[in-house]
Amino acid sequence: MGDPGPAGRFGSMGGRFVPEALIPACEQVEEAFRRAWADAGFRTELTHMLSSYAGRPTPVTVADRLSDALGVSVLLKREDLAHTGSHKINNVAGQVLLAQRMGKTAVIAETGAGQHGVATATVAAHLGLGCTVFMGEKDMARQELNVFRMELLGATVIPVTSGSRTLKDATSEALRHWVTTVDSTHYCIGSALGPHPYPWMVREFQRVIGDEARAQCAELLPGAVPDAVVACVGGGSNAAGTFAGFTATTARLIGTEAAGGAALSNGRRGVLHGFMSSFLQDEHGQIAEASSISAGLDYPGIGPEHAYLAEIGRAEYHSVTDAEAVAAVELCAQTEGILCALESAHALAWVRRAARDGELTAGSTVLVTLSGRGDKDVSVLRELIRGRR
Ligand SMILES: *Cc1c(COP(=O)(O)O)cnc(C)c1O
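A brief report on the enclosed structure follows. Just so it is clear, the structure is predicted and the values come from calculations on it, not from any experiment.

With that settled, consider the overall build of the chain. In terms of helices and strands, the chain carries 15 helices and 14 strands. Against the compact-globule benchmark of 21 Å for 389 residues, the chain has a radius of gyration of 19 Å, which places it among compact chains. By principal-axis analysis of the C-alpha atoms, the chain measures approximately 55 × 50 × 40 Å. Across the 389 residues of the chain, 59% fall into the buried class.

Shown next, in the form of structure tokens:
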């Protein structure tokens, strides 16, 4: 998991497939990031902001009652305790600080469920930058409360009415808008995807999860390293950040996709939003709609580094159904007193299935990244669980 070089390639994945007009913008971000990342002053500023504002380091919780229920020893990396309730703030803090360094006065972002939009509006407000968020009209209706949250934070939310009026279209629109505003504006992408340098930069901003967890595991585990490290995958940023701390170890790395958005299990090679990777497609090669109960896993592709890690066999990817994820939310809530996000529950659900099927041997140690808290999912869960009674 190193530097993907000037072409931004992870094996044959990644790259920079953007219109000519965006090449200089991507190059400018790449150069600014390379410089900032090598600058101890920038690193200190980011670390300070993460600790004084965003609640880092997040703890690793030894999940005793959950472990008893599953028959494997579970450690939870608690990104649900970070400011705004998920890991998204790690990346946004890095990118907005970088934007400021580049002399930009505003940021734009795409958002699906609204979590990345809220995180971006939050950090932009904190640092005094303008913020515009592109959101599909359909998602705006489904996630009304997050639209209002962003507006409360001073951001402008722009409805996207093209295509399926969801995240995929919001991302395309944000890229289009960036072309015309690039002098004053930084595009803050919310996952480990997009044209080079984004997949690499976002992973580096998220590696704080894996680096912290590695050190925390060394204190908690006799063998220092867990047998397996598991994280859910939408675009792949919390998984990439978690894996980054463990690629050089013997730990098995496992990413869990939503069954309705399983770009690696069910997808084919393609190009979208500036990068080559695996995407859900129909028989004509048109990008297909992803669908999952967890809006954060509702992207038809996967970050290029994950496609590469799968190709070389360093990480495995498995899919988890909506029903398995809902059951895992309930189990985690009732054994640990932690209401995790539906996205994160996909990681737990795989652990549960793997422990039951002998994929994970009894007593093995598993680190699970809890990417976020579940408060946002309560009304969806209420509908489902009431319907079951
Ligand atoms: C956005 C989100 C995800 C999915 O994004 P990745 O880039 O794959 O990490 C997962 N969990 C939560 C809580 C999220 O908000």
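That shown, we press on.
Another point: the site of the ligand. Around the ligand there are 17 residues in total, and Lys88, Gln115, Ser191, Gly234 and Ser237 lie nearest to it. Between the ligand and Lys88, the relevant distance is 2.7 Å, taken from an oxygen atom to a side-chain nitrogen or oxygen of the residue. By residue class, the composition of the shell around the ligand is three nonpolar, twelve polar and two charged.

What follows is about the packing of aromatic side chains. For the coordinates displayed, the defined rule picks out nine aromatic pairs. Taken together, a centroid distance of 4.9 Å and an interplanar angle of 85° make the contact between Phe33 and Trp200 edge-to-face. Of this pair, Phe33 sits in helix H1 (residues 23-37) while Trp200 is found in helix H9 (residues 198-220), placing the two residues 167 residues apart along the sequence. Comparing Phe33 with Trp200, the two get one shared label, buried.

With that settled, the discussion passes to the side chain of Thr249. Residue placement: Thr249 occurs in the loop between helix H10 (237-244) and strand S10 (252-258). If we skip the residues at most four places from it in the chain, Thr249 touches Arg214, Val225 and Arg314.

Calculation rules
- Residues numbered from 1 in each chain as written.
- Predicted model: local features only at pLDDT ≥ 70, side-chain atom pairs only at ≥ 80, totals over all residues.
- Heavy atoms only, no water.
- Helix = DSSP H or I, 4+ residues; strand = E, 2+ residues; numbered from the N terminus.
- Rg over C-alpha atoms; globule rule 2.2 N^0.38 Å.
- Buried < 20%, exposed > 50% of the residue type's maximum accessible area, 1.4 Å probe, protein only.
- Near = heavy atom within 4 Å.
- Polar contact = N/O pair within 3.5 Å; in protein donor to acceptor, adjacent residues only side chain to side chain.
- Nonpolar A, V, L, I, M, F, W, Y, C, P; charged D, E, K, R; others polar.
- Phe/Tyr/Trp six-rings, centres within 6.5 Å; stacked < 30°, edge-to-face > 60°.
- Contact = heavy atoms within 4.5 Å.

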